[in-house]
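# What the coordinates show
The primary structure of each chain is shown beneath.
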Amino acid sequence: MVQAWFMAENWNGDQREEHHMQPPEFVDLDTLFKLTLVEHFKVNESDPTNDELLNSIKKDRGYSYEDEITCSKECLPNYESKLKMFFEEHLHTDEEIRLVLEGSGYFDVRDGVNDRWIRIKVEPGDLLIIPKGIYHRFTLDTNNFIKAKRFFVGEPVWTPHNRPADDMNCRKEYLKQLISC
């Protein structure tokens, strides 16, 4: 089961640690959606290709391109610099869709009310849809390995726009959507 929690504000040390507040403050999936518009689905981790829910989501949202990425020291060229880049706070002009096939990691998203970090731990079978315009980042956990499918509408767009990017249309649209929910 996916877990999400508010991160300690002034943590230091390894970004791959959990960084819970003391005491921990967990966030259920309904609250996660209300605060961020991030969606989570659980798909069949042993056979995601034939998962009805995944195929329905792909069809409904028009995901026409997909690929796989493996993040590990052995498989990712320029491993250290890529992890550093993934962990910089940024947004995208398209939603970010990831299905974890193997391993685990963390997606951190900003809550739309207080701008606090919420850490989402993802494992095999977790499908996360991060809306366009939300500030977020990614890191591996201490296992140092994740393999994930990435889905796109049309040609893939991987361009991160580092914070601040508040004047971008996708950011303004995201904030309007958040307020209307």
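The coordinates are above.
Residues numbered from 1 in each chain as written. Predicted model: local features only at pLDDT ≥ 70, side-chain atom pairs only at ≥ 80, totals over all residues. Heavy atoms only, no water.

## Some words on the overall build of the protein
For the protein, the helix and strand inventory stands at four helices and eleven strands. By the compact-globule yardstick of 16 Å for 181 residues, the protein fits well, its C-alpha radius of gyration being 16 Å. With the principal axes as the frame, the protein shows a C-alpha extent of 40 × 40 × 30 Å. Just so you have it, the protein exposes about 9700 Å², and 48% of that area is on carbon and sulfur atoms. (Helix = DSSP H or I, 4+ residues; strand = E, 2+ residues; numbered from the N terminus. Rg over C-alpha atoms; globule rule 2.2 N^0.38 Å. Areas by Shrake-Rupley, 256 points an atom, 1.4 Å probe, with all protein chains shown as cover.)

## A closer look at the pattern of salt bridges
Applying the stated criterion across every chain yields a total of 20 salt bridges. Across the pair Lys149 and Glu68 runs a salt bridge whose closest N-O atoms are separated by 3.7 Å. Taken as a pair, Lys149 in strand S10 (residues 146-152) and Glu68 in strand S3 (residues 65-71) lie far apart in primary sequence, 81 residues in all. Judged by relative accessible area, which is 13%, Lys149 ranks as buried. Under the relative-accessibility criterion, Glu68 is labelled partly exposed at 41%. A salt bridge links Arg163 to Asp115, with the nearest nitrogen and oxygen atoms 3.1 Å apart. In this pair, Arg163 sits in the loop between strand S11 (161-162) and helix H4 (169-180) while Asp115 sits in the loop between strand S6 (105-110) and strand S7 (117-122), placing the two residues 48 residues apart along the sequence. Residue classification places Arg163 among the partly exposed positions, given a relative accessible area of 31%. (Salt bridge = Lys/Arg side-chain N within 4 Å of Asp/Glu carboxyl O. Buried < 20%, exposed > 50% of the residue type's maximum accessible area, 1.4 Å probe, protein only.)

## Observations regarding the layout of surface pockets
What the largest pocket holds in volume is close to 510 Å³. If you go around the largest pocket, you meet 26 residues; those closest to its centre are Phe86, Glu96, Arg98, Arg150 and Trp158. Taken together, the elements giving at least two residues each to the lining of the largest pocket come down to S3, helix H3 (79-86), strand S5 (96-103), strand S9 (136-140) and S10. Looking at the lining of the largest pocket, the element that brings in the most residues is S10, giving five residues. Residue composition of the lining of the largest pocket, by class: 16 nonpolar, four polar and six charged. Size it by volume and the second largest pocket reaches roughly 300 Å³. For the second largest pocket, the lining is made up of 18 residues, of which Arg61, Asp94, Glu95, Pro131 and Lys132 are closest to its centre. (1 Å grid on protein atoms, 1.4 Å probe; cavity = no way out; pocket = protein on both sides within 12 Å on 5 of 7 lines; lining within 4 Å. Points joined across faces, edges and corners; volume = space filled by probe spheres on them. Nonpolar A, V, L, I, M, F, W, Y, C, P; charged D, E, K, R; others polar.)

## Examining the nonpolar core
If you look at the biggest cluster of nonpolar residues, it comprises 29 residues, and the most contacted ones within it are Ile118 and Ile120. Residue contacts for Ile118: discarding those within four places in its chain leaves Ala4, Trp5, Phe6, Val27, Leu32, Leu35, Thr36, Phe107, Asp108, Val109 and Asp111. Counting ten residues, the second-largest nonpolar core is a separate cluster that includes Val43, Ile97, Leu99 and Leu127. (Core = buried A, V, L, I, M, F, W, Y, C linked by side-chain atoms within 4.5 Å. Contact = heavy atoms within 4.5 Å.)

## Notes on the packing of aromatic side chains
Scanning all chains against the criterion turns up eight aromatic pairs. Ring geometry for Tyr65 against Phe152: centres 6.0 Å apart, planes inclined by 55 degrees, an arrangement best described as tilted. You can see Tyr65 sitting in strand S3 and its partner Phe152 sitting in strand S10, a full 87 residues away along the chain. Overall, Tyr65 belongs to the partly exposed group, its relative accessible area being 33%. For Phe152, a relative accessible area of 6% corresponds to the buried category. Residues Phe107 and Phe138 carry aromatic rings whose centres are separated by 4.9 Å and whose planes lie at 50 degrees to one another, so their mutual orientation is tilted. Of the two residues, Phe107 sits in strand S6 while Phe138 sits in strand S9, which places them 31 residues apart along the sequence. Accessibility assignment for this pair places Phe107 and Phe138 in one class, buried. An aromatic cluster of at least three residues, connected via ring pairs, comprises Trp5, Phe26 and Tyr106. (Phe/Tyr/Trp six-rings, centres within 6.5 Å; stacked < 30°, edge-to-face > 60°.)

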